[in-house]
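# Understanding the architecture of this molecule
Spelled out, the chains give:
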Amino acid sequence: MALIDGKKIANEIYENLAVEVQKLTRENNLQPKLAVILVGDNAASLSYIKQKRKACEKTGIQWVQFDYEESLTQDELLKKIQELNEDNSIHGILVQLPLPEHFEVPKVIRAIDPHKDVDGFTAYNLGKMFLGTEFEDLPPCTPAGVIKMLEYYDIDPEGMNVTIVGASNIVGKPLATMLLNRGATPTICHIKTKDLKSHTINADMVCVAVGRPNLITEDMVKEGVVIIDIGVNRKDDGKLCGDCDFERIEPKASYITPVPGGAGPMTVACLMENTVKAAKRLNNIS
Ligand code: GUN
């Protein structure tokens, strides 16, 4: 068994990006800038935002945060997004999810200029990804982070049967597309899937992003499986865990991601990469 060290890869990405950001500042007078919008005070969102801000500090990407009360109206939010779309000093716009219930998330996402959509959530960026690897320019960060982890450890998905558990627009569906682009045979399972085990037991790789501790147990996977655990759950003792029974699956797996320290840091690293990429593209720098 080998542990996939997402934290280490993320730190290497930050080191490279810091050099690139310095160069852009020096040679092009361009300092990439990320605008983050937070509505309300969801505890998980606050924690995620803190990690993103720290990553900006490590890479030299500028950070500007707009905090709003839960009572913010959708029109007010859309107006703010429009203002950021038109602001040439802003290269990335991120609306932290979840939003309070009175917001229509698809409408909010649609308001973001796709060239500044560093989360890769807009139909434009998701649609481009559908066309093939060469069009994945602002891919959603979590699937992009998974692909980077696989590349780092020379795990080639070509020919693999990959079962993805979780069919969200921001993880499961785009991850399946990115793996398909790389020659894998993905199967997407979800909450209504009958007999989940029948889909996981023969898979060469299992990726899970549901948010349910111990959803994937040792008896559900085969010897030598690659496990990518994208779930984040908080246990009673306050510690984090993923969706897999890590202790029991670990001896059986050829590779496995820990939670924390696997997919999470890679998501943030890919957000930083997308922000630098967006800044360059908006300024016609290749
Ligand atoms: N909430 C949980 N994960 C994410 C993410 O990657 N991006 C945004 N905008 N909100 C989230």
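Presented here is an overview of the structure given in this document. Predicted model only: the values in this text are computed from it and were never measured.

### Quick notes on the packing of helix α1 (residues 6-28) against helix α6 (residues 141-152)
Orientation of α1 relative to α6, taken along the N-to-C sense of each, is 95°, at an axis distance of 11 Å. Classed by the angle they form, the pair α1 and α6 counts as roughly perpendicular. Of the residues in α6, those touching α1 at Gly6, Lys8, Ile9, Glu12 and Ile13 are Lys148, Met149 and Tyr152. Tallied by class, the residues present in the contact of α1 with α6 amount to four nonpolar, one polar and three charged.

### Quick word on the nonpolar core
One broad trend across soluble globular proteins is that nonpolar side chains are buried collectively. Formed by 53 residues in total, the largest nonpolar core has its most connected members in Leu34, Ile228 and Met272. In terms of residue count, helix α10 (residues 263-282) provides more of this core than any other element does, 10 residues in total. Discounting residues that sit within four places of it in the chain, Leu34 has contacts with Cys56, Ile61, Gln62, Trp63, Val64, Gly92, Ile93, Leu94, Val118, Leu271, Met272 and Thr275. Counting residues in each nonpolar core, the second largest holds 16 residues, with Leu196, Ala203, Leu215 and Val221 among its members.

### As for the side chain of Thr177
Mapping Thr177 onto the fold places it in helix α7 (residues 172-181). From its side chain, Thr177 meets the backbone oxygen of Lys173 in a polar contact 3.0 Å long. In contact with Thr177, other than residues within four places in its own chain, are Met129 and Phe130.

### Here we look at the site of the ligand
Every residue lining the ligand is accounted for by Lys52, Leu94, Val95, Gln96, Leu97, Asp119 and Phe121. Within the side chain of Gln96, a nitrogen or oxygen atom sits 3.2 Å from a nitrogen atom of the ligand. Separating a nitrogen atom of the ligand from a side-chain N or O atom of Asp119 is a distance of 2.6 Å. Notes on the ligand: free accessible area 280 Å², of which the protein chains cover 81%. The class makeup of the residues in the shell around the ligand is four nonpolar, one polar and two charged.

### Details of the sheet that holds strand β3 (residues 62-68)
Pairing in this open sheet of three strands is parallel, and the strands run β3-β2-β4 from one edge to the other. Strands with a single pairing partner mark the edges of an open sheet, and in this sheet they are β3 and β4 (92-95). Direction aside, the axes of adjacent strands within the sheet are offset by 15° on average. Running at roughly 160° to β3, helix α2 (residues 43-59) makes contact with β2 (33-39), β3 and β4 of the sheet.

### Some words on the pairing of strand β6 (residues 185-189)
Pairing of strand β5 (residues 161-165) with β6, which is carried by five bridges, proceeds in the parallel orientation. Note on β6: the bridge partner recorded for Ile164 is Ile188. Each parallel crossover has a hand, and the one from β5 via α7 to β6 is right-handed.

### Focus: the pattern of salt bridges
Going through the model one piece at a time under the given rule, you end up with 12 salt bridges. Lys128 is the partner of Asp137 in a salt bridge, and the nearest nitrogen-oxygen pair spans 2.8 Å. Accessibility expressed as a relative area gives 18% for Asp137, which makes it buried. For Lys128, a relative accessible area of 17% gives the class buried. Lys222 is paired through a salt bridge with Asp204; the nearest N and O atoms lie 2.8 Å apart. Taken together, the residues Lys222 in the loop between β7 (205-208) and β8 (226-229) and Asp204 in the loop between α8 (196-200) and β7 connect sequence positions 18 residues apart.

### Quick look at the environment of Leu196
By the secondary structure assignment, Leu196 is in helix α8. Leu196 has contacts with Val165, Cys189, Leu215, Ile216 and Met220, leaving out every residue within four places of it along the chain.

### Focus on a positive patch on the surface
A surface patch of positive charge is lined by Lys7, Lys50, Arg53, Lys54 and Lys58. If one sorts the elements of the positive patch by residue count, α2 sits on top with four residues. Structurally, Arg53 can be placed in helix α2. Using a relative accessible area of 35% as the deciding quantity, one classes Arg53 as partly exposed.

About the thresholds
- Residue numbers here run from 1 along each chain, matching the order of that chain's written sequence.
- Since the coordinates come from a predicted model, pLDDT governs what is reported: local features require at least 70, and pairs of side-chain atoms require 80 or more to be given and counted, while whole-chain, interface and lining totals use all residues.
- In computing side-chain properties, one takes all heavy atoms of the structure into account and sets aside hydrogens as well as water.
- Fitting a line to C-alpha atoms yields each axis, with helices limited to the stretch in contact; the angle taken between N-to-C directions then spans 0 to 180 degrees.
- Each helix is a run of DSSP H or I of at least 4 residues and each strand a run of E of at least 2, with the numbering of both proceeding from the N terminus.
- Angular relationships are summarised with four words: roughly parallel below 35 degrees, roughly antiparallel beyond 145, roughly perpendicular across 65 to 115, and oblique for the angles in between.
- Any two residues whose heavy atoms approach within 4.5 Å are treated as being in contact.
- When residue character is reported, Ala, Val, Leu, Ile, Met, Phe, Trp, Tyr, Cys and Pro are called nonpolar, Asp, Glu, Lys and Arg charged, and the others, Gly included, polar.
- Joining through side-chain atoms within 4.5 Å is the link that ties buried Ala, Val, Leu, Ile, Met, Phe, Trp, Tyr and Cys residues into a set, and such a set is a nonpolar core.
- Burial classification: accessible surface area is computed with a 1.4 Å probe over protein chains only, and a residue below 20% of its type maximum counts as buried, one above 50% as exposed, and the rest as partly exposed.
- Under this definition, polar contacts are N or O atom pairs within 3.5 Å; protein pairs additionally need one hydrogen-donor-capable and one acceptor-capable atom, and for neighbouring residues in sequence, both atoms have to be side-chain atoms.
- Residues are labelled near a given molecule or strand when at least one of their non-hydrogen atoms is within 4 Å of it.
- Each accessible area value is a Shrake-Rupley result obtained with a 1.4 Å probe; residue values ignore everything except the protein chains displayed when judging cover.
- The pairing criterion for strands is at least two bridges between them, as found by DSSP.
- Consider the strands pointing away from the viewer: the crossover is right-handed when the path from the first strand over the helix to the second runs clockwise.
- What counts as a salt bridge is simple: a side-chain nitrogen of Lys or Arg found within 4 Å of a carboxyl oxygen of Asp or Glu.
- Grouping into patches uses exposed residues only, defined as over 30% relative accessible area, and leaves out salt-bridged ones; the cut-off is 9 Å for like charges and 5 Å for nonpolar side chains (Val, Leu, Ile, Met, Phe, Trp, Tyr).
- For the purpose of counting charges, residues Lys and Arg are taken to be positive, whereas Asp and Glu are taken to be negative. His and the chain ends are not included.
- The location of each charge is read from NZ of Lys, CZ of Arg, CG of Asp or CD of Glu.

Just geometry here; none of it tells us what the structure is for.
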